[in-house]
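# Fold and contact review
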Amino acid sequence: MTDPTPFASIDDVLGTAEGWLSEGRKVALATVVKTWGSSPRPVGSRLVIDGDGAMVGSVSGGCIEGAVIKEAFEIMQSGDPRLMEFGVSDEQAWDVGLACGGNVQVWVERMEA
Amino acid sequence: MRADIFSKLQTARRSKTPVTLVDGLDGKTQALVYADKVDGDLSEAVVKEARDRLRDNKSGVAEVSGDRWFFDCHNPPLRLIIVGAVHITQTLVPMASIAGYEVIVVDPRASFATAERFPNVTLIDDWPDEAMEALKPDSRTAVVTLTHDPKLDDPALEITLKSDAFYITCLGSRRTHAKRVERLKEMGFDDAAIGRIHAPAGLDIGAVSPAEIAISVLAELTAVLHAKPIVAAAA
């Protein structure tokens, strides 16, 4: 018996963040905090990003990850967390393509070493 | 996230201690709320909200005491206890693990419950009633019996039917299940208790192979977890 849940590792975003921090990488964490209407990932879904743009997890079906990563790079530098909002009422959402027509709020923060 | 908060959060997750991470959306406050203690400076109202949400496993944003907070509930993973280290179990274990369950296999028969047949899973070789008494199924636990053998399935059921397990199923034909119902009645269980058993096991998707039966069981379990009405497949 080695790791009792080897398959769960694809979902262990916080474990990934911990590993990256221990390697001295810059790390940001994005967490879905609120959703309205049809949204692909529920509240509590997480995406972890490192300074080179490597990512594990998700905060949508792949629609807004690009925009979140871009913001995450800034937050890795500044350390100021930000609440990002995506939705059909938001011009940016069309640009980044939240195709499901839902609305989602994502909290993006730097993981302190 | 503050390093000390993250470290404590990971410790709680590893020890399977329920905890709510509380984030002030002004970016100024971060704290951890456990059932019996608080790490951080929070008002009583915020602590209460965090504990209520932890109990219901309901993460989300709320306005409390004039500020907006994100309550991020970290409960231990859902558990799936499988009684019977049979062929179906070999396919159900990896599928349920991918779906996020902590899987535990119970089988006292040494030739079935081998690490070779079941790598990377918790194997318990105690008699099922002893194993279930130790495992204490709760409202975040599903129990599936697959041995076909009343000597093994029934003792597990006897404990499980007295628990809050959210999903219970037993493999077996309608005839096998009818006999099981008779035995459970003799053991003193009423119709309401016996009715908690989903039988026949799994959704009717025409499953034949062990892997397909595992899919149908995991599908039914998922439907019950999210309280979706189970619609019978068209004949």
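Residues numbered from 1 in each chain as written. Chains lettered and ligands numbered in written order. Predicted model: local features only at pLDDT ≥ 70, side-chain atom pairs only at ≥ 80, totals over all residues. Heavy atoms only, no water.

### Concerning the overall build of chain A
Helix and strand counts for chain A come out as 3 helices and 5 strands. Here the contacts in chain A between residues at least 6 apart in sequence split such that 51% fall between residues at least 24 apart. A total of about 5300 Å² of accessible surface is found on chain A, and carbon and sulfur atoms cover 51% of it. (Helix = DSSP H or I, 4+ residues; strand = E, 2+ residues; numbered from the N terminus. Contact = heavy atoms within 4.5 Å. Areas by Shrake-Rupley, 256 points an atom, 1.4 Å probe, with all protein chains shown as cover.)

### Details of helix 2 (residues 65-78) of chain A
All names here are of chain A. Along its 14 residues, helix 2 runs 20 Å from first to last C-alpha, staying within 8% of the 20 Å computed at 1.5 Å per residue. The set of residues buried in helix 2 consists of Glu 65, Ala 67, Val 68, Ile 69, Glu 71, Ala 72, Ile 75 and Met 76. Gly 79 sits one or two positions beyond helix 2 and adopts a positive phi of about 80°. (Expected span 1.5 Å × (residues − 1). Buried < 20%, exposed > 50% of the residue type's maximum accessible area, 1.4 Å probe, protein only.)

### Observations regarding the interface of chain B and chain A
Every contact between the two is made by 29 residues of chain B and, on the other side, 32 residues of chain A. For the pair chain B and chain A, the two sides together bury roughly 2200 Å², of which 60% comes from carbon and sulfur. On the chain B side of the contact with chain A, Met 1, Phe 6 and Asn 120 of chain B bury the most area, a combined 28% of that side's loss. Counting every contact that joins chain B to chain A gives 3 salt bridges. On inspection of chain B and its partner chain A, the count reaches 8 residue pairs in polar contact (both at pLDDT 80 or more). Residue assignment for the side of chain B that touches chain A shows that the elements contributing at least two residues are helix 1 (3-14), strand 1 (19-24), strand 4 (60-64), strand 5 (67-74), helix 3 (87-98) and strand 8 (122-124) of chain B. Ranked by residues supplied to the side of chain B that touches chain A, first place goes to helix 1 of chain B with 6 residues. (Buried area = accessible area lost by both parts, 1.4 Å probe. Salt bridge = Lys/Arg side-chain N within 4 Å of Asp/Glu carboxyl O. Polar contact = N/O pair within 3.5 Å; in protein donor to acceptor, adjacent residues only side chain to side chain.)

### Regarding a negative patch on the surface
Taken together, the side chains of Asp 125, Asp 126, Glu 130, Glu 133 and Glu 158 of chain B define an acidic patch exposed on the protein surface. Of note, Asp 125 of chain B is situated in the loop between strand 8 and helix 4 (128-135). (Patch = residues over 30% accessible without salt bridge, like charges linked within 9 Å, V, L, I, M, F, W, Y side chains within 5 Å. Lys, Arg positive; Asp, Glu negative; His and termini not counted. Charge placed at Lys NZ, Arg CZ, Asp CG, Glu CD.)

### Focus: the UniProt feature "domain: XdhC- CoxI" (unreviewed entry) in chain A
Feature annotation in UniProt assigns "domain: XdhC- CoxI" (unreviewed entry) to the following positions: residues 20-87 of chain A. Secondary structure over residues 20-87 of chain A splits into 25% helix and 34% strand, and the C-alpha atoms at its two ends are 31 Å apart. (UniProt positions renumbered as here; feature names shortened; annotations may be inferred.)

### Considering the domain arrangement of chain B
Parsing chain B into structural domains produces domain 1 (3-74) and domain 2 (79-225). Averaged C-alpha coordinates put domain 1 of chain B and domain 2 of chain B at centres separated by 34 Å. (Domains from an automatic or database assignment.)

### A word on helix 5 (residues 150-160) of chain B
Within helix 5 of chain B, 8 of the 11 residues are buried, which leaves the element mostly enclosed by the surrounding structure. Its side-chain oxygen at 2.9 Å from the backbone nitrogen of Lys 151 of chain B, Asp 149 of chain B defines the N-terminal cap of helix 5 of chain B.

### Observations regarding the packing of helix 1 (residues 13-22) of chain A against helix 1 of chain B
For the pair helix 1 of chain A and helix 1 of chain B, interaxial distance at closest approach is 11 Å and the crossing angle is 130°. Taken together, the axis directions place helix 1 of chain A and helix 1 of chain B in an arrangement best described as oblique. In this structure, helix 1 of chain A meets helix 1 of chain B at a crossing whose hand is left-handed. In contact with Leu 14, Gly 15, Ala 17, Glu 18 and Leu 21 of chain A of helix 1 of chain A, helix 1 of chain B contributes Phe 6, Leu 9, Gln 10, Arg 13 and Arg 14 of chain B. (Axes fitted to C-alpha atoms, helices over the stretch in contact; angles between N-to-C directions. Parallel < 35°, antiparallel > 145°, perpendicular 65-115°, else oblique. Left-handed = near helix turned anticlockwise from the far one by under 90°.)

### A look at the nonpolar core
Residue and element names in this part refer to chain B. The biggest cluster of nonpolar side chains holds 27 residues, and the ones touching the most others in it are Leu 80, Leu 92, Tyr 101, Leu 146 and Leu 221. Elements supplying a minimum of two residues to this core: strand 6 (79-83), helix 3, strand 7 (102-106), strand 9 (141-145) and helix 8 (210-225). In this structure Leu 80 touches Leu 92, Ala 96, Tyr 101, Glu 102, Val 103, Ile 104, Ala 142, Val 144 and Leu 221, once residues within four positions along its chain are discounted. Judged by nonpolar contacts, the second largest core, of 22 residues, contains Val 83, Val 106, Ala 131 and Leu 184. (Core = buried A, V, L, I, M, F, W, Y, C linked by side-chain atoms within 4.5 Å.)

### A closer look at the sheet that holds strand 6 of chain B
Strand pairing in a sheet takes place through backbone hydrogen bonds and is either antiparallel or parallel in direction. Residue and element names in this part refer to chain B. Judged by pairing direction, the sheet is parallel, and its 6 strands sit side by side in the order 8-7-6-9-10-11 without closing on themselves. The sheet is open, and its two borders are formed by strand 8 and strand 11 (197-198), each paired with just one other strand. Sheet analysis places strand 9 next to strand 10 (residues 167-170), joined by 4 bridges and oriented parallel. The residue of strand 10 that forms the bridge with Ala 142 is Tyr 167. (Pairing = 2+ DSSP bridges.)

### Some details on the UniProt feature "domain: XdhC Rossmann" (unreviewed entry) in chain B
According to UniProt, the positions carrying the feature "domain: XdhC Rossmann" (unreviewed entry) are residues 80-221 of chain B. In the segment residues 80-221 of chain B, helix accounts for 42% and strand for 16%; the C-alpha atoms at its two ends are 10 Å apart.

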